[in-house]
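Residue-level structural notes
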Amino acid sequence: METHHFHFKTRRHNYPQVVCANHRVTTSKSNVNPSVLRLHNYGNPTADLAKERAVSADETKRPSTGKFGRFGGKFVPETLISCLEQLEVVFHQVLQDPEFQEELSTALNDYVGRETPLYYAERLTAHYKAQNMGRGPDIYIKREDLAHCGAHKMNNALAQAMIAKRMGLTAVVAATGAGQHGVATASACAKLGLSCTIFMSAADMEKQPSNVDLMTLLGAKVEPTAGNFKDASSESIRVWAGKLGEVYYLAGAAVGPHPCPTMVREFQSVIGRETRRQAAEKWGRTPDAVVACVGSGSNALGIFHEFVGDRTVRLIGVEAAGFGLNSGRHAATLAAGEVGVYHGAMSYLLQDEEGNIICPHSIGVGLEYPGVAPELSFLKESGRMEFYSATDKEAVDAYIRVARLEGIIPALEASHGFAYLEKLCPTLPDGAKIVVSCSGRGDKDATTVSKYLSL
Amino acid sequence: MAIAAAAAATSPTTARTTATLSPPPPISSSSSYSSAQLNFGLPKSTARPRTTAGLSISCTMTRDAAAAVAVTEKDDSDPALWSRPDAFGRFGKFGGKYVPETLMYALTELESAFNSIRNDPDFQAELGGILKDYVGRETPLYFAERLTDHYRRPNGEGPHIYLKREDLNHTGAHKINNAIGQVLLAKRLGKKRIIAETGAGQHGVATATVCARFGLECIIYMGAQDMERQALNVFRMRLLGAEVRGVHSGTATLKDATSEAIRDWVTNVESTHYILGSVAGPHPYPMMVREFHKVIGEETRRQAMEKWGGKPDVLVACVGGGSNAMGLFEDFVKDKDVRLIGVEAAGFGLDSGKHAATLTKGEVGVLHGAMSYLLQDDDGQIIEPHSISAGLDYPGVGPEHSFLKDKGRAEYYCVTDEEALEAFKRVSRLEGIIPALETSHALAYLEKLCPTLPDGTKVVLNCSGRGDKDVQTAIKYLKL
């Protein structure tokens with residue numbers, strides 16, 4: 001496919017060259033996709049953060065371009081635009097609908113098992129204090145690993161499956177990388193009686209066969225694709241585009257064209273809301289720092305979003321450094337990526353000099369996404385969020401450490417967040433309150449870790 | 001009569017015990033034993049307060065096996081008045097403490113410690129906090145809409161089915177309720193070493209989990225054959241810091257692992273606490289394990305009241321050793337209008353000889369320290385049970401279940417491997433909940449139960465564990 005380079009100016013910034021190959025411009029006649037030029041209304045990245053947040057909040061109240069500063073947007077073929085707009089309208093309707101909210105709340109409580117605990121990790125806390133002359137932070141773990149299906153993915157999958165039903169659709173399509181989102185979607189569809197097709201790359205199916213089995217048992221059809229997650233994602237969007245009005249596309253990550261990032265974040269933000277309430281109960285105020293692993297960013301946004309306006313709360317994202325940031329084999333999008341358009345949104349992404357997407361690597365398969373949520377890109381650029389990374393080895397060490405000290409086996413993805421505690425704790429004052437998001441349980445990773453350790 | 005009076009003084013219930021099976025020797029009321037000799041080292045008043053009207057001191061200790069106890073009719077019919085257990089740890093004739101002398105002291109010490117924490121507000125607060133923040137209680141009582149629809153009859157009538165979601169607990173099964181309680185008890189006793197037996201690995205993982213949480217040394221005994229079948233659970237236990245010791249004796253399965261664990265305990269009783277995984281074993285284990293699990297039924301009562309303003313009509317649970325069933329049933333045993341239904345494993349079928357339907361096909365005997373129903377051949381050797389679900393693959397059953405069965409308070413049925421697998425798939429596809437194969441036995445029984453229930457009957461089924469661990473097995477057998 002031919003590549004064309006654009007260089008477009010706006011009021012303030014020259015944006016980097018973004019290769020056309022990265023856009024889904026399949027239906028466009030020319031290489032200049034008119035929808036690419038819907039780049040008005042960038043917003044002002046240097047404006048006051050509170051105002052920006054208010055702007056984003058306002059934007060969600062009417063069909064909009066879905067921008068977070070300069071990030072986000074709807075870089076999609078024309079055919080999808082009206083679908084996305086319709087989705088946004090329904091999304092706003094359900095947010096205001098007390099019946100939907102009550103049904104969702106009951107399902108979250110009785111089916112998913114919310115609220116998840118905020119657990120004081122006594123031995124982990126003691127471990128870090130012992131290394132620092134008895135001084136160190138108090139570590140609390142937000143237990144998303146206890147949610148039905150063993151990860152935070154369910155919060156979003158359930159809510160969106162309910163939206164699909166409300167829209168009168170009977171079929172759902174989704175893409176999954178590690179499989180967690182696929183399992184959650186299959187589960188929600190089974191509960192609601194919707195037919196479910198999950199696209200997963202053949203390579204990923206090999207890496208996480210247990211998740212494939214779970215989806216099959218739950219009655220979903222698992223369709224293999226070539227390549228990796230980005231290809232599965234593209235395929236599922238293509239199928240959706242071909243069957244608009246029949247099929248619901250269930251986004252699992254806070255990426256993609258508006259309104260997907262906003263919807264996913266909204267449904268995941270229950271994590272942060274609970275955390276605020278539980279923190280107030282347990283120690284009377286907000287946390288000092290919140291730590292979460294970052295793949296595409298849904299669990300991180302889920303816990304961060306509530307605290308974005310509280311400047312005293314440090315928001316710390318930990319990405320996958322794979323074999324190391326210099327190895328070229330990692331998934332540290334915010335650390336090493338550049339801005340571009342991917343899967344319908346402008347965000348940071350891992351691309352080479354020719355603008356081709358780099359294949360990411362991490363032992364935590366759920367972190368192997370070459371892009372990242374546009375909202376996180378915005379939080380990075382505005383300096384509201386800090387981001388670091390952890391290597392495969394550091395993640396496996398953390399996996400074992402948390403299992404041995406607390407009897408909790410964290411998912412390898414979540415282990416990246418725990419790994420960062422090694423560097424973070426010595427820098428924090430005694431008694432600082434940290435909340436670490438344990439986004440999933442690690443039973444699924446036992447084989448991987450066992451193999452890794454035997455090497 | 002002096003002897004009988006003395007017996008009554010130490011413990012009112014000894015007058016009603018059939019002393020047929022263990023030391024003490026049979027006594028007749030005319031012998032001249034002193035009250036000191038009659039005191040078998042029992043702790044004072046561990047029995048529940050009895051409200052027997054007109055306490056008749058009739059000492060009915062005999063030489064005959066299983067002689068009927070003289071019982072006044074009005075005591076027998078009210079479950080609230082049953083001794084569950086009595087001071088000897090008996091549920092009627094079941095239960096007891098059939099163990100070597102060396103363990104008697106440890107069991108007594110354990111019982112005292114347990115009784116002291118029962119009413120200790122600090123202990124209960126600590127336990128409650130851990131169950132909430134670490135285990136994730138309380139677990140939801142979930143209305144299974146599509147399952148209810150599935151059983152709706154053509155005229156629109158049918159029962160309402162609720163699932164008690166023990167599968168949402170940390171480690172994915174109800175086992176952890178007991179493991180947490182016992183490890184806190186062990187800490188209180190100053191023990192630093194914990195041992196346990198495990199079949200499929202669930203109880204082993206739960207034990208290893210709580211030992212990691214509280215920093216105690218952990219040794220798990222597992223049959224060598226089971227270790228091969230459950231390699232992943234072995235890895236999890238080791239990951240959590242436990243030592244997994246393979247047992248090669250006998251058939252190298254759960255019953256052999258249990259025997260080995262008991263042997264270890266006899267040797268190391270001073271330093272070691274044995275976390276038994278079910279409501280089996282010698283007193284006080286059946287009672288203790290039940291008490292730690294009864295939170296399940298207590299929550300259910302409260303949630304039922306919230307949801308429909310009443311009690312459940314029917315409780316259904318799978319029965320292997322019987323802990324999840326006792327956990328759900330316990331709070332409702334005294335409510336005679338609540339039906340209690342236990343479902344065992346019929347394996348390849350009751351006539352195949354390859355099953356684990358202890359209460360249906362077993363006979364009374366002693367296994368692992370307790371008198372109960374068990375699967376034994378004509379020579380009294382334990383029959384190797386079979387079930388597709390390892391957790392139900394136990395040739396015995398908790399003595400309290402044997403008691404409830406004989407009293408007619410609870411009903412017990414069984415379900416084959418095939419029926420359980422069908423239920424596994426059915427519930428996965430209808431509710432998006434993958435139940436453990438053990439739990440699937442209870443779910444399978446709904447097929448037979450629901451058509452018989454009047455419209456609007458409230459059924460609560462204990463979803464005792466999640467089925468991620470059984471996915472490989474199920475896919476293989478279901479040929480999906």
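Residues numbered from 1 in each chain as written. Chains lettered and ligands numbered in written order. Predicted model: local features only at pLDDT ≥ 70, side-chain atom pairs only at ≥ 80, totals over all residues. Heavy atoms only, no water.

Time to look at the overall build of chain A. When helices and strands are counted, chain A shows 17 helices and 14 strands. In chain A, the share of contacts with a sequence separation of at least 24, taken over all contacts with a separation of at least 6, comes to 74%. Here chain A has roughly 16,400 Å² of accessible surface; of this, 51% comes from carbon and sulfur atoms. (Helix = DSSP H or I, 4+ residues; strand = E, 2+ residues; numbered from the N terminus. Contact = heavy atoms within 4.5 Å. Areas by Shrake-Rupley, 256 points an atom, 1.4 Å probe, with all protein chains shown as cover.)

This part is about the UniProt feature "domain: Tryptophan synthase beta chain-like PALP" (unreviewed entry) in chain B. Here, UniProt's "domain: Tryptophan synthase beta chain-like PALP" (unreviewed entry) annotation points to residues 136–465 of chain B. Measuring from the first to the last C-alpha atom of residues 136–465 of chain B gives 14 Å, for a span that is 40% helix and 20% strand. (UniProt positions renumbered as here; feature names shortened; annotations may be inferred.)

Bringing the confidence of the model for chain A into the picture now. In the predicted model, chain A carries a mean pLDDT of 85, and 86% of its residues have values of at least 70. With pLDDT under 50 throughout, residues 1–63 of chain A is counted as low confidence; its partners more than four residues away or in other chains account for 97 contacts. (pLDDT = per-residue confidence, 0-100.)

Before going further, it helps to examine the interface of chain B and chain A. Across the boundary between the two partners, chain B contributes 42 residues, which contact 42 residues of chain A. On inspection of chain B and its partner chain A, the count reaches seven salt bridges. Here Arg213(B) ties to Glu122(A) by a salt bridge, and the two come within 3.2 Å at their closest N and O atoms. Linking chain B with chain A are 26 residue pairs in polar contact (both at pLDDT 80 or more). Those elements giving two or more residues to the side of chain B that touches chain A turn out to be helix H5 (121–135), strand S3 (141–143), helix H8 (202–214), helix H10 (231–239), helix H17 (417–431) and helix H19 (471–478) of chain B. Among the residues making up the side of chain B that touches chain A, the classes are represented as 20 nonpolar, nine polar and 13 charged. (Salt bridge = Lys/Arg side-chain N within 4 Å of Asp/Glu carboxyl O. Polar contact = N/O pair within 3.5 Å; in protein donor to acceptor, adjacent residues only side chain to side chain. Nonpolar A, V, L, I, M, F, W, Y, C, P; charged D, E, K, R; others polar.)

Another point: the sheet that holds strand S7 (residues 221–225) of chain A. Residue and element names in this part refer to chain A. Within the open sheet, the four strands sit side by side as S7-S6-S5-S8. Their pairing is parallel. The sheet is open, and its two edges are formed by S7 and strand S8 (247–249), each paired on a single side. Taken pair by pair, the neighbouring strands of this sheet meet at an average axis angle of 25°, ignoring direction. Direction of pairing for strand S5 (residues 171–176) relative to S8: parallel, over a ladder of three bridges. Bridging from a neighbouring strand, Val172 pairs with Tyr248 of S8. (Pairing = 2+ DSSP bridges. Axes fitted to C-alpha atoms, helices over the stretch in contact; angles between N-to-C directions.)

Residue and element names in this part refer to chain A. In spatial order, the strands read S3-S4-S14-S9-S10-S13; together these six strands make up an open sheet with mixed pairing. Either end of the sheet is taken by a strand with one partner, and the two such strands are strand S3 (118–120) and strand S13 (385–391). The mean angle between the axes of side-by-side strands here comes to 25°, regardless of whether they run parallel or antiparallel.

Tallied over the full model, the rule gives 66 salt bridges over all chains. Of the charged contacts in the structure, one is a salt bridge between Asp110(A) and Lys307(B), with a shortest N-O distance of 2.8 Å. Of this pair, Asp110(A) sits in helix H3 (residues 98–112) while Lys307(B) sits in helix H13 (residues 295–308), on two different chains. Looking at Asp110(A), the relative accessible area reads 13%, which means it is buried. Given the relative accessible area of 37%, Lys307(B) is considered partly exposed. Here Lys469(B) ties to Glu438(B) by a salt bridge, and the two come within 2.9 Å at their closest N and O atoms. Of this pair, Lys469(B) sits in the loop between strand S14 (458–462) and H19 while Glu438(B) sits in helix H18 (residues 437–449); the two residues are 31 residues apart in sequence, bridging distant segments of the chain. Put simply, Arg84(B), Arg118(B), Arg290(B), Glu291(B), Lys294(B), Glu298(B), Glu330(B) and Glu400(B) are held in one network by salt bridges that share partners. (Buried < 20%, exposed > 50% of the residue type's maximum accessible area, 1.4 Å probe, protein only.)

All names here are of chain B. Cis peptide bonds are those with omega within 30 degrees of zero, and the linkage from Arg84 to Pro85 qualifies with 0°. Along the chain, Pro85 turns up in the loop between helix H3 (73–77) and strand S1 (90–91). Residue His283 is joined to Pro284 through a cis peptide bond whose omega torsion reads 15°. Residue placement: Pro284 occurs in the loop between strand S8 (272–274) and helix H12 (285–293). Positive phi, close to 75°, is recorded for Thr171, a residue that is not glycine. Mapped onto the elements, Thr171 comes out in the loop between strand S4 (160–164) and helix H7 (175–188).

What follows concerns the UniProt feature "domain: Tryptophan synthase beta chain-like PALP" (unreviewed entry) in chain A. Per the UniProt annotation, the sites labelled "domain: Tryptophan synthase beta chain-like PALP" (unreviewed entry) are residues 113–440 of chain A. Spanning residues 113–440 of chain A, this segment combines 41% helix with 20% strand, and its end C-alpha atoms are found 14 Å apart.

What follows is about the pairing of strand S6 (residues 195–201) of chain A. Residues and elements named next belong to chain A. For S6, a buried count of five out of seven residues is recorded, marking the element as mostly surrounded by other parts of the structure. Pairing of S5 with S6, which is carried by six bridges, proceeds in the parallel orientation. Along S6, the bridge assignment pairs Val173 with Thr197. A crossover connection joins S5 to the parallel S6 through helix H6 (residues 180–192); in handedness this β-α-β unit is right-handed. (Right-handed = clockwise from strand over helix to strand, strands pointing away.)

So, about the packing of aromatic side chains. Evaluated as defined, the whole model comprises 19 aromatic pairs over all chains. On the numbers, 4.7 Å between centres and 10° between planes, the contact of Tyr413(B) with Tyr445(B) is stacked. Placement of Tyr413(B) in strand S13 (residues 410–416) and of Tyr445(B) in helix H18 is noted, with a sequence separation of 32 residues between them. Exposure remark for Tyr413(B): the relative accessible area of 28% places this residue in the partly exposed category. Classification of Tyr445(B) by relative accessible area gives buried; the value is 9%. Three or more aromatic residues joined by ring pairs form one cluster here, namely Tyr120(A), Tyr140(A) and Trp283(A). (Phe/Tyr/Trp six-rings, centres within 6.5 Å; stacked < 30°, edge-to-face > 60°.)

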